[in-house]
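Commentary on secondary and tertiary structure
For reference, the chains in residue letters:
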Amino acid sequence: MKSRPKPYVFPEYCKGCGRCIDSCPKGCITMGKEVNPLTGLIPIELSLDQCSGCGLCISACPEPFGLRAQETEFEFELTDPKSFNGPRPKPLVKPFAIPGEVIPFAQTESLVTKGTYASAIGALLAGCRHFFGYPITPSTEGAELMAKLLPDLDGVFIQAVSEVATVNMMYGCSGAGLPCMTFTSSPGFSLMLEGISYSIGAELPGVFVNIMRGGPGLGNLGPEQADIKLVCRGLGHGNTHAIVLAPYTPQEMLDLTMLAFELTFKYRNPVIIVGDGYMGQMTGRVNLPKTMIKPGIPEWAVYGDESHRGNLICSIELNEADLERNNIHINNKYRQMTQNEQRADLYHCDDAEIILMACNTPARMAKGAVRELRKQGLKVGLFRPITLWPFPIDLLKPILSHTKQIITVEAGNGQLEDELRMALSHHNLECPSIDHVRRFGGILPQLKEIIEKVISVEEVLA
Amino acid sequence: MKSSIFYEKFERHAHGEGLKANSTHYCPGCGHGLAHKYLAEAIDELQIQNRTVLVSPVGCSVFMYYYFDVGNTQAAHGRAPAVALGHKVANPESIVISYQGDGDLASIGLAEIIQAAQLGIPISVIFINNAIYGMTGGQLAPTTLMEQKTSTSPHGRNRIMGQPLRMAEMIAQIDGPMYVERVALFDNKQRNHAKKAIKKGIQLQVEGRGFSFVEVLAECPTHLKMTPQEAEIWVRDKMLPVFPLGVKKDEPREPWFKLNKPNFDPNKLKELVGGTSDKVARFSPGFPHHISPSDISLKLAGSGGDGAQTAAMLITRAGINEGFDATHIPSYGPESRGGTSYADVHVAETEVLSPASPNPNILIAFNAPSLAKFGPHVQNGGTIIYDSSIITAPPIFNHGTIIYGIPFTQIAMDLGKVMVKNIVALGALHAATDIFPKETFLTAIRQALKDKCAMIPINEEAFEWGIRAYNGEYEFPGESVL
Ligand code: SF4
Ligand code: SF4
Ligand code: SF4
């Protein structure tokens, strides 16, 4: 019979817990008498004359480098554990990426479809085959379409037990490096914030479509824009930001969802799409793009294969200096987003003296107002931020010289206006007079009241 | 054991400096270390190191990623099973292990563990029950024993704090899991058994059979304020009566879990989203300026089954087919269930701006409340079409609207399908307003019914009867069948 290996222990890796002592049927192990100067703990002592090599003590030792079996005869005091453990059977390989592909997509006629569907279709075109969500009006149709189509695309749809579970399933799927998304609405989005903060900390992608409804609390199901503060300034705890995209047509629901997937992987940071309830529910014309995406697997992913074994998805940095460094790194990403990703649509702004500022559905009413007022000869324009964060201040700046008045139009209590004011202040720009049209509770600002506001302001200016 | 599953050097533990490079952060004698060791052995023996994704929780074992040379993800408090599911469905070949303590799994994360168990997707859960919160400093856990003193039950757990929660038993009675066992670490026999249970739970996943849950009664000498030896005895004498060891469920299952690789065939996707390269014919001579200069606003209103939304969709589609812009906003939420159902539609020459229709050019009313509610808001000179088989005494509006009563329902019933009353309404809409040519509507109807071709003739007929009724060519039968 082959003699079984006997145990050995490095005193500095023994915590002196004594669990091995009782485990030895031969009484080979005793508590030591001397405090180890390196650890401040008292390691055990072995006297192996009676040892049968049963290994029970090894199984009783909680420390990975505590009691171990001697594979060969050697002087272990002279050997460091690295060489003693021998070559690693499965050495770590340096993580590498598996690249994605851009695939041509045949030209098609326009679809006639609703906003949430358009967004879901955009996600499929962007390569998303994993969806996690919890039903909530008025966003659920997006999830329903995913549930219908994903099985035919060998994708996965999971209805989570809550929005909290949703965002954490996304965390796992994104952690594996795959594109995934959810549709939700205001109260559900509130529940996802902790997970979004974790995703930002762990540098994970993920696309969140928040079809905002009336609040606070349960509020109602009507269209509102009162989560702008939340998505621009309140993405959970910590120094968090994410690119926030605000579509204003079903077409943009598709286009901006595709863009969201691109940006979320580009920056390894979540991207939020916000629309008011109408944006989710409205049906309209949607043209499909000329290409679609087959995603790869990024280098950093924890996919569960050899090439990604060395990776870690984690938002913990215990050491203050490390966490500060991580924050600086994340803040640098925010700076890059701010520099590169500002987007806005300017309508009749070139010579405008009065600028309407609105996003989502209210931007449509505002655009209608601009059209009417231009007919009356008033120099009115519409500045429509497409990215709410970063606020597109660089695009606003050039037209400020001839702007006498900005009127924000929103279904909320000035949250878009606050973004504007903050951006002006951060850029030391002289703040023109700012007025507003605000509705709440599921009521959108109407064309008529926007026009009335502009005319009343114009009278003062004149 | 010659395990390669632990890193040779714990680089993530205080940057791998000093002794921390080779020792854990656990207190002496902590049960976590043993569970780690058995987990590492199982991964090694099953030869799944490259495929393993280990999800660490929040709690004392939050830093598992310091030690295990596998793919590592650290989850938010309580959410490890949700994170694990995300990993598993992203790569079904990966072997995903969700490791949690009692605060994490049995308190804050109850919903996540119950759902994961219910889904039964093969992941392996290792649940460390040491009857106390370790990391936060010895507070009451859901598994704390009665009368046990903790920092948040300083006088001992009493009735108002509830009784200890038996997770293994709870999980075992859910249909999803196939293997549930409670094991312990307090002597050689138990340790040997724990090792086997942990390995078995993972093996079932490797074989694609199902969800496993292994609860490990572990020692937290620090917060029990005992030596490790005393803690072992405490687990044996005090915990065992409350948390009996043994197999709670072991239900043989054939391997079943398999997911195909996601499909990225553009033709398939095009077909699924309803994309077509077929050009749609146009029939309209131009925008119907006679209704409104550049933007026509419609409202369709009725009750749940009237088909107002479908009719609205068809008008929208017809408008877009003709190269105009069109939008449709349905009523949604509780309003759309059973009660009223209304739709706002716009057709614009270039771009729909305000998509809501508070003051429509055209109102189609399927019932009396809708007519009464929206009729007064129709624009001066606008058109109202209502179902005269339902609304027998329409209110009188004094604001210059033209009102047509068309028996939508009666005609549809005569045709043998009450469902097509909305198509009758569209026929009448066409006849009364000439918003689009007849062929435009019929094309939109055929497109919508392309998967239900058998329904096309009756719909065409309904449309035709809508026109005839407008022209006075429909005789209302003497006796209403309504
Ligand atoms: S191997 Fe067995 S006999 Fe030898 S010291 Fe360990 S427990 Fe005792
Ligand atoms: S079980 Fe391990 S750590 Fe504890 S006393 Fe024995 S050798 Fe030391
Ligand atoms: S506090 Fe308890 S559970 Fe945590 S490491 Fe120490 S002994 Fe282990």
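Here the residue numbering is sequential within each chain, running from 1 through the sequence in written order. Each chain takes a letter, starting from A, and each ligand takes a number, starting from 1, following the order in which they are written. Whole-chain, interface and lining totals are the exception, using all residues; otherwise, since this is a predicted model, local features are given only for residues with pLDDT of at least 70 and side-chain atom pairs are given and counted only at 80 or more. Only hydrogens and water are removed before side-chain values are computed, so all heavy atoms of the structure are retained for them.

A look at the overall build of chain A
Counting from the N terminus, the helices are DSSP H or I runs at least four residues long and the strands are E runs at least two residues long. Helix and strand content of chain A: 15 helices and 21 strands. In this treatment the radius of gyration is a C-alpha quantity, and the globule benchmark scales as 2.2 Å times the residue count to the 0.38 power. For chain A, whose C-alpha radius of gyration is 30 Å, the value lies well above the compact-globule estimate of 23 Å for 462 residues. Along the first, second and third principal axes, the C-alpha set of chain A runs to 105 × 50 × 40 Å. Each residue is assigned to one of three classes by its accessible area relative to the maximum for its type, calculated with a 1.4 Å probe on protein chains only: buried under 20%, partly exposed between the two thresholds, exposed over 50%. In chain A, buried positions account for 59% of the 462 residues.

So, the overall build of chain B
If you tally the helices and strands in chain B, you get 15 helices and 13 strands. On C-alpha atoms alone, chain B measures out to a radius of gyration of 35 Å, which is more than a quarter above the 23 Å that the 2.2 N^0.38 rule sets for 482 residues. Seen along its three principal axes, the alpha-carbon backbone of chain B occupies a region of about 100 × 50 × 45 Å. When burial is assessed residue by residue, chain B has 60% of its 482 residues classed as buried. Whether two residues are in contact is decided by their heavy atoms, any of which lying within 4.5 Å being enough. Across chain B, contacts joining residues at least 24 apart in sequence account for 64% of those joining residues at least 6 apart.

Some words on the domain arrangement of chain A
By a frequent convention, interface size equals the accessible area lost on bringing the separate parts together. Residue and element names in this part refer to chain A. The split of the chain into domains comes from an automatic or database domain assignment. As assigned here, chain A comprises domain 1 (7-69), domain 2 (101-340) and domain 3 (344-461). Once you take the C-alpha centre of each, domain 2 and domain 3 turn out to be 28 Å apart. Taken together, the contacts link 33 residues of domain 2 with 27 residues of domain 3. In this assembly, domain 2 packs against domain 3 so that about 2500 Å² is buried in total across both faces, 55% of it on carbon and sulfur atoms. Take the accessible area each of two parts loses on contact, using a 1.4 Å probe, and add the two losses: that sum is the buried area.

A closer look at the packing of helix α1 (residues 31-45) of chain B against helix α6 (residues 188-206) of chain B
Residues and elements named next belong to chain B. Only the stretch in contact is used when a helix axis is fitted, and all axes are lines through C-alpha atoms; the angle between N-to-C directions ranges over 0 to 180 degrees. Their axes nearest at 9 Å, the elements α1 and α6 cross at an angle of 50°. Regarding the angle of α1 to α6, the classification is oblique. Of the two elements, α1 crosses α6, and the hand of that crossing is right-handed. Across the interface between the two elements, L34, A35, Y38, L39, E41, A42 and E45 from α1 touch R191, A194, K195, I198, K199 and I202 from α6. Tallied by class, residues from the contact of α1 with α6 come to eight nonpolar, no polar and five charged. Roughly parallel refers to an angle under 35 degrees, roughly antiparallel to one over 145, roughly perpendicular to one between 65 and 115, and oblique to any angle outside these ranges. When the near helix sits turned anticlockwise from the far one by under a right angle, the crossing is termed left-handed; a clockwise turn instead gives a right-handed crossing. Basically, the charged four are Asp, Glu, Lys and Arg, the nonpolar ten are Ala, Val, Leu, Ile, Met, Phe, Trp, Tyr, Cys and Pro, and anything else, Gly included, counts as polar.

Observations regarding the domain arrangement of chain B
The domain architecture assigned to chain B consists of domain 1 (14-250) and domain 2 (266-470). With centres defined by C-alpha atoms, the gap from domain 1 of chain B to domain 2 of chain B works out at 60 Å.

Some words on the site of ligand 3
Residues and elements named next belong to chain B. If a single non-hydrogen atom of a residue is within 4 Å of a molecule or strand, that residue counts as near it. Around ligand 3, the surrounding shell consists of Y26, C27, C30, H32, C60, N130, G134, C220, P221, T222 and H223. The leading source of residues in the shell around ligand 3 is helix α7 (residues 221-224), at three residues. In the shell around ligand 3, the residues fall into six nonpolar, five polar and no charged.

What to know about the site of ligand 2
The local shell around ligand 2 consists of C14, K15, G16, C17, G18, C20, I44, C61, P62 and L67 of chain A. For the shell around ligand 2, a count of residues per class yields seven nonpolar, two polar and one charged.

Focus on the sheet that holds strand β18 (residues 380-385) of chain A
Residue and element names in this part refer to chain A. The five strands are arranged β16-β18-β17-β20-β21 in an open sheet whose pairing can be described as mixed. On the outer flanks of this sheet lie β16 (344-347) and β21 (433-438), each paired with one strand and no other. For this sheet, the mean inter-axis angle between neighbouring strands, taken without regard to orientation, is 20°. Strands were regarded as paired on the criterion that DSSP finds at least two bridges between them. Pairing of strand β17 (residues 354-357) with β18 involves four bridges; the strand directions are parallel.

Comments concerning the pattern of salt bridges
One speaks of a salt bridge when a side-chain nitrogen belonging to Lys or Arg is within 4 Å of a carboxyl oxygen belonging to Asp or Glu. If you walk through the whole model with that rule in mind, you get 42 salt bridges over all chains. A salt bridge links D394 of chain A to K397 of chain A; the shortest N-O distance between them is 4.0 Å. With a gap of three residues between them, D394 of chain A and K397 of chain A both fall in helix α13 (residues 393-400), about one helical turn apart. We note a salt bridge from E215 of chain B to R182 of chain B, for which the minimum N-O separation is 3.0 Å. Placement of the pair is E215 of chain B in strand β6 (residues 212-217) and R182 of chain B in strand β5 (residues 179-184), with a sequence separation of 33 residues. Neither residue differs from the other here; E215 of chain B and R182 of chain B are each classed as buried. Put simply, R19 of chain A together with R191, E219 and E232 of chain B are held in one network by salt bridges that share partners.

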